[in-house]
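Architecture and fold: a report
Now for the letters of each chain:
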Amino acid sequence: MKKVLLLFCFCVLAFSSFSQWYDPDKVNKKASALFNLAYTRAQNGEFDRAITLLNDAVKIDPRFVDAYLSLGGVHGEMKKYEDAVKDFEQAMQLDSVYSKYYLLPYSIDLAGAGRFDDALRSINRFLEIPDLNPRSRKSGEFRKKTFEFAVSMEKKSDKNYVFAPVNLGDSINTVNLEYFPALTIDGKKLFFTRRIGNNEDLYESTNENGVWRKAIPLPGNINTPNFNEGAEIISQDGKWLLFTGCNFPGGFGSCDLYISYLTRTGWSRPENLGRNVNSEYWESTPSLSPDKRDLYFSSNMPGGYGGKDIWVCHRDYNGNWSEPENLGPDINTAGDESTPFIHADNQTLYFNSTGHPGYSDEPDIFVSHKLPGGKWSTPQNLGYPVNTIDDEGSLFIAADGHTAFYSSDRADSKGGLDIYTFQLPQDVRPLQTLWVKGNVFDKKTNEGLPSAVILTDLKTGDTVSRIQTDEDGEFLVTLPVGKDYAFTVKRKGYLFFSANYDVSKTLPDETFTARIGLQPIEINASVILKNIFFDTRKTDLKPESVSDLNNVISLMNENPTMKVEIIGYTDSIGTVADNLKLSQGRAMSVVNFLISKGISRDRLKYTGKGKADPIADNSTEEGRALNRRTELKVIGK
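The written sequence of each chain sets the order in which its residues are numbered from 1. Side-chain atom pairs in this predicted model are given and counted only at pLDDT of 80 or more, local residue features only at pLDDT of at least 70, and totals for whole chains, interfaces and linings cover all residues. Values shown for side chains rest on all heavy atoms present in the structure; no hydrogens or waters enter the calculation.

Looking at the overall build of the protein chain
Only DSSP runs of H or I reaching four residues or more are called helices, and only runs of E reaching two or more are called strands; each is numbered from the N terminus. Of regular secondary structure, the protein chain possesses 12 helices and 33 strands. Oriented by its inertia axes, the alpha-carbon framework of the protein chain measures out at about 110 × 50 × 45 Å. By the burial criterion, 53% of the 637 residues in the protein chain qualify as buried. In what follows, a contact means two residues having at least one pair of non-hydrogen atoms within 4.5 Å. When contacts within the protein chain are restricted to residue pairs at least 6 apart in sequence, long-range pairs at least 24 apart make up 58% of them. A total accessible area of about 29,200 Å² is found for the protein chain, and carbon and sulfur atoms account for 49% of it. For the exposure calls, accessible area comes from a 1.4 Å probe over protein chains only, and a residue counts as buried if that area is under 20% of its type's maximum, exposed if over 50%, partly exposed in between. Method for areas: the Shrake-Rupley scheme with a 1.4 Å probe, in which residue coverage is limited to the protein chains shown.

Here's the deal with the packing of helix α2 (residues 29–43) against helix α3 (residues 47–60)
Helix packing for two helices is described by the angle between their axes and how far apart those axes are. Running from N to C, α2 and α3 cross one another at 170 degrees; their axes reach a closest spacing of 8 Å. For the element pair α2 / α3, the angle class is roughly antiparallel. Note on packing geometry: the crossing formed by α2 with α3 is left-handed. In this structure, α2 contributes Lys30, Ala31, Leu34, Phe35, Leu37, Ala38, Arg41 and Ala42 to the contact, and α3 contributes Phe47, Arg49, Ala50, Leu53, Leu54, Asp56, Ala57 and Ile60. Following the grouping adopted for this structure description, the nonpolar residues are Ala, Val, Leu, Ile, Met, Phe, Trp, Tyr, Cys and Pro, the charged ones are Asp, Glu, Lys and Arg, and the polar ones are all others, Gly among them. Each residue belonging to the contact of α2 with α3 can be placed in one class, and the counts come to 12 nonpolar, no polar and 4 charged. Angles shown run from 0 to 180 degrees and are taken between the N-to-C directions of axes, each axis being a line fitted to C-alpha atoms and, for helices, limited to the stretch in contact. Angles below 35 degrees are treated as roughly parallel, those above 145 as roughly antiparallel, those between 65 and 115 as roughly perpendicular, and all remaining angles as oblique. In this scheme the crossing of two helices becomes right-handed for a clockwise turn of the near helix relative to the far one and left-handed for an anticlockwise turn of less than a right angle.

Digging into the packing of aromatic side chains
Pairing of aromatic rings covers Phe, Tyr and Trp, the last through its six-membered ring, and needs centres within 6.5 Å; plane angles under 30 degrees mean stacked, over 60 mean edge-to-face, and all others mean tilted. Tallied over the full model, the rule gives 26 aromatic pairs. Note on Phe35 and Phe64: the rings are 5.3 Å apart at their centroids and 40 degrees apart in plane angle, and the pair reads as tilted. One end of the pair, Phe35, is in helix α2; the other, Phe64, is in the loop between α3 and α4 (65–77), and 29 residues separate them in sequence. By relative accessible area, which is 3% here, Phe64 ends up buried. Relative to Phe366, the ring of Phe351 has its centre 6.0 Å away and its plane inclined at 25 degrees; by these criteria the two rings are stacked. Placement of the pair is Phe351 in strand β17 (residues 348–353) and Phe366 in strand β18 (residues 364–369), with a sequence separation of 15 residues. One exposure class covers both Phe351 and Phe366, and it is buried. Ring pairing ties together the aromatic residues Phe116, Phe149, Tyr359 and Tyr384, which thus form one cluster. Cation over ring: Arg194 sits above Tyr203, and NZ or CZ is 4.4 Å from the ring centre. One cation-aromatic arrangement involves Lys308 over Trp282; the distance from NZ or CZ to the ring centre is 4.4 Å. Here, a charge over a ring means that NZ of Lys or CZ of Arg falls within 6 Å of the ring centre while also lying within 35 degrees of the ring normal.

Describing empty space enclosed by the protein
Put simply, the grid is 1 Å and covers the protein atoms alone, a cavity is a trapped set of points that fit a 1.4 Å probe, a pocket is an open set with protein on both sides within 12 Å along at least five of seven lines, and lining residues have an atom within 4 Å of a point. Grid points are joined across faces, edges and corners, and a volume is the space filled by probe spheres set on the points. Summed over all chains, the structure comprises 3 cavities of 30 Å³ or more. In this model, the largest cavity occupies a volume close to 140 Å³. Forming the boundary of the largest cavity are 15 residues, of which Phe180, Glu232, Pro286, Pro340 and Ser394 lie nearest the centre. Listing elements by their share of the lining of the largest cavity, those giving two or more residues are β2 (177–183), β7 (228–234), β12 (283–288), β16 (337–342) and β20 (395–397). The calculated volume of the second largest cavity comes to roughly 60 Å³. Along the walls of the second largest cavity sit Leu183, Thr184, Ile185, Gln236, Phe341, Ile342, His343, Ala344, Phe396, Ile397, Ala398 and Ala399, which together make up its complete lining. Breaking the lining of the second largest cavity down by element, the ones donating at least two residues are β16 and β20. Residue composition of the lining of the second largest cavity, by class: 9 nonpolar, 3 polar and no charged.

Some points on the pattern of salt bridges
The rule for a salt bridge is simple: a side-chain nitrogen of Lys or Arg has to be within 4 Å of a carboxyl oxygen of Asp or Glu. Under the criterion given, the structure shown has 21 salt bridges. Two residues, Arg41 and Glu46, come together in a salt bridge whose shortest N-O distance is 3.3 Å.

Topic: the packing of helix α10 (residues 546–558) against helix α11 (residues 576–596)
Two numbers describe how α10 lies on α11: the axes approach to 10 Å, and their chain directions differ by 60 degrees. For the element pair α10 / α11, the angle class is oblique. Crossing handedness for the pair α10 and α11: right-handed. Across the interface between the two elements, Leu549, Val552 and Ile553 from α10 touch Val590, Phe593 and Leu594 from α11. When its residues are assigned to classes, the contact of α10 with α11 shows 6 nonpolar, no polar and no charged.

A short note on the sheet that holds strand β15 (residues 325–326)
Strands were regarded as paired on the criterion that DSSP finds at least two bridges between them. The 4 strands lie next to each other as β12-β13-β14-β15, forming an open sheet whose pairing is antiparallel. In this open sheet, the two strands that pair with only one neighbour each are β12 and β15. Bridge analysis of strand β13 (residues 294–299) against strand β14 (residues 309–314) gives 6 bridges, and the strand direction is antiparallel. What sits directly across from Ser298, in β14, is Ile310.

Points about α4
A rise of 1.5 Å per residue sets the reference length of α4, with its 13 residues, at 18 Å; its end C-alpha atoms lie 19 Å apart and thus fit the reference within 8%. Burial of α4 is extensive: 12 of the 13 residues sit out of reach of the surface. Within α4, the full set of buried residues consists of Val65, Asp66, Ala67, Tyr68, Leu69, Ser70, Leu71, Gly72, Gly73, Val74, His75 and Gly76. Phi turns positive one or two residues past the end of α4, at Lys79, with a value near 65 degrees. One fewer than the residue count of a helix, multiplied by 1.5 Å, yields its expected span.

Section: unusual backbone geometry
A cis amide bond links Tyr384 with the next residue in sequence, Pro385, at an omega value of 10 degrees. Even without being glycine, Lys79 reaches a positive phi, approximately 65 degrees. Tracing the backbone shows Lys79 in the loop between α4 and α5 (81–94). Using a relative accessible area of 33% as the deciding quantity, one classes Lys79 as partly exposed. Notably, Asn346 is not glycine yet its phi reads approximately 60 degrees, a positive angle. Along the polypeptide, Asn346 turns up in the loop between β16 and β17.

Here we look at helix α9 (residues 134–156)
For α9, with 23 residues, the first-to-last C-alpha span of 34 Å sits near the 33 Å given by 1.5 Å per residue. When we look at burial in α9, the residues that qualify are Gly140, Arg143, Thr146, Phe147, Phe149, Ala150, Val151 and Met153.

Side note on the sheet that holds strand β22 (residues 418–423)
Across the sheet, which stays open at both edges, the 4 strands sit in the order β1-β22-β21-β20 with antiparallel pairing between neighbours. For this open sheet the edge positions go to β1 (166–167) and β20, each flanked by a neighbour on one side alone.

Some words on the confidence of the model for the protein chain
Values of pLDDT, the confidence the predictor places in each residue, fall between 0 and 100. Of the residues in the protein chain, 96% reach a pLDDT of 70 or more, and the chain-wide mean stands at 92. Low pLDDT, under 50, characterises residues 9–18; the predicted model gives this stretch 18 contacts beyond four residues in sequence or across chains.

Structure below.
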């Protein structure tokens, strides 16, 4: 609106000191009356009506320069940048001297249309005007900086990338505003905020065979008639919903973060996340890590680097949230950072910012990756056309790593902001993420067991995620493609379960399902240590074995009187004598490692059984791999 009013007001100034032919006082009176009426319409936000009146004015007086300039202003306000550019160019062709002060909005609309080289040339011409007032010169210098940035980004961009957002359609979008999309990891549930008038509520839609069903308000006890609920995130398993509630009774500040749990009758009554998370200031736009351990959000609480910063709270094993930690100067700036989104890979963070170099003074979306030690990489601007001169809002990226969702008021929107989907450029994608979904149960009683599920990077030994199953033993854990993982399930009083997943190569979208029975600790109970590795025909433990070895150490320390036997097995390849020797050497290597870590020798025994007791067919490589195993057996409590 400011730009439109500026253009309308500019027309009443006299430019007699310049060499120009256009004189505003000599415009056709009927055309001038239409122009003045258009000004009133534009002031009231009736842009379509203002455009009609201005077009009528130039039909009467085709040399009405101010009308073309104002058409450019209104079209720019409506983000119809190509139309705005044509309007300004028409005015400049008529009288370039009179129109030269409009090179600033003209350059902005060129940038809005993605013509950054032309925008830079135009702003340079604007800054060559000798009598610019300080405010105009400052604005011009800022725009020049952003256009130079955009030109530099164009040189790095993928020329083959096609940005083609698709509106999610009438089932999701309406004449009202829809924004903040969030999906469950399987892509079957979409959650978003809808604003009707001044009231924000949360909605959901289900995807059935690739088609979104008509969105409905969240069932249960979240939405209220008198307060705003919005800016939500759904946990990957679809069982926790975190959102922003503003001016709620009992809240700590203007906007706080709340949590609701999925029950058999819908969503539970929201609970304030408490004083550790919320303050008397503003907290909003939550994002939950896939293991539910880290909560990222934006806040203007003191102690940050600018107006709004991104913070993180960590949840301990008792379910309590730590005090917020600022993500630091690598992420936060003197500007505003908001709408964080941590991808399902638990390593890639997206957020918007006005403080990092961008395309305008509106927030752009950036991406940063978690580095070893917990630091974050230098944020990377997602580039045009994902980022533009306008406010890009928030971004959600599906588990596949390339399907993105965002809200925009594009030309084909149903009304204001709608939710769209598009394919993310290759260089700013997170890791593709698969997932394991399963249930943990007592192997003897078949009853579900609340347990800890731990995912470890086999190469580095770092814990990637640690989650707690629900009361029925159900869990979902994500597996970013590109690494090999050790997968461990633990519960006190039981032998742990271990497995490994080789997803070092990109696989098609897939869900691993697992039904895991834990063996109570008792005499003769046993478990296969699936993450103990040796080179072919060797007895030296490979570094990737550390995960399961540490699990054994923890098990022995938690049960200080327990005694175990480590049993080695081979496949059927080779002689009986060689296989016995190999299996015994491997079992002894495990025992020696445990002794080196403080486990008493008299609690340990090792045995090699060679090719005896196969658990799979030795005629196939897959079967032989299963037969080459290390087993832990309880021989004393």
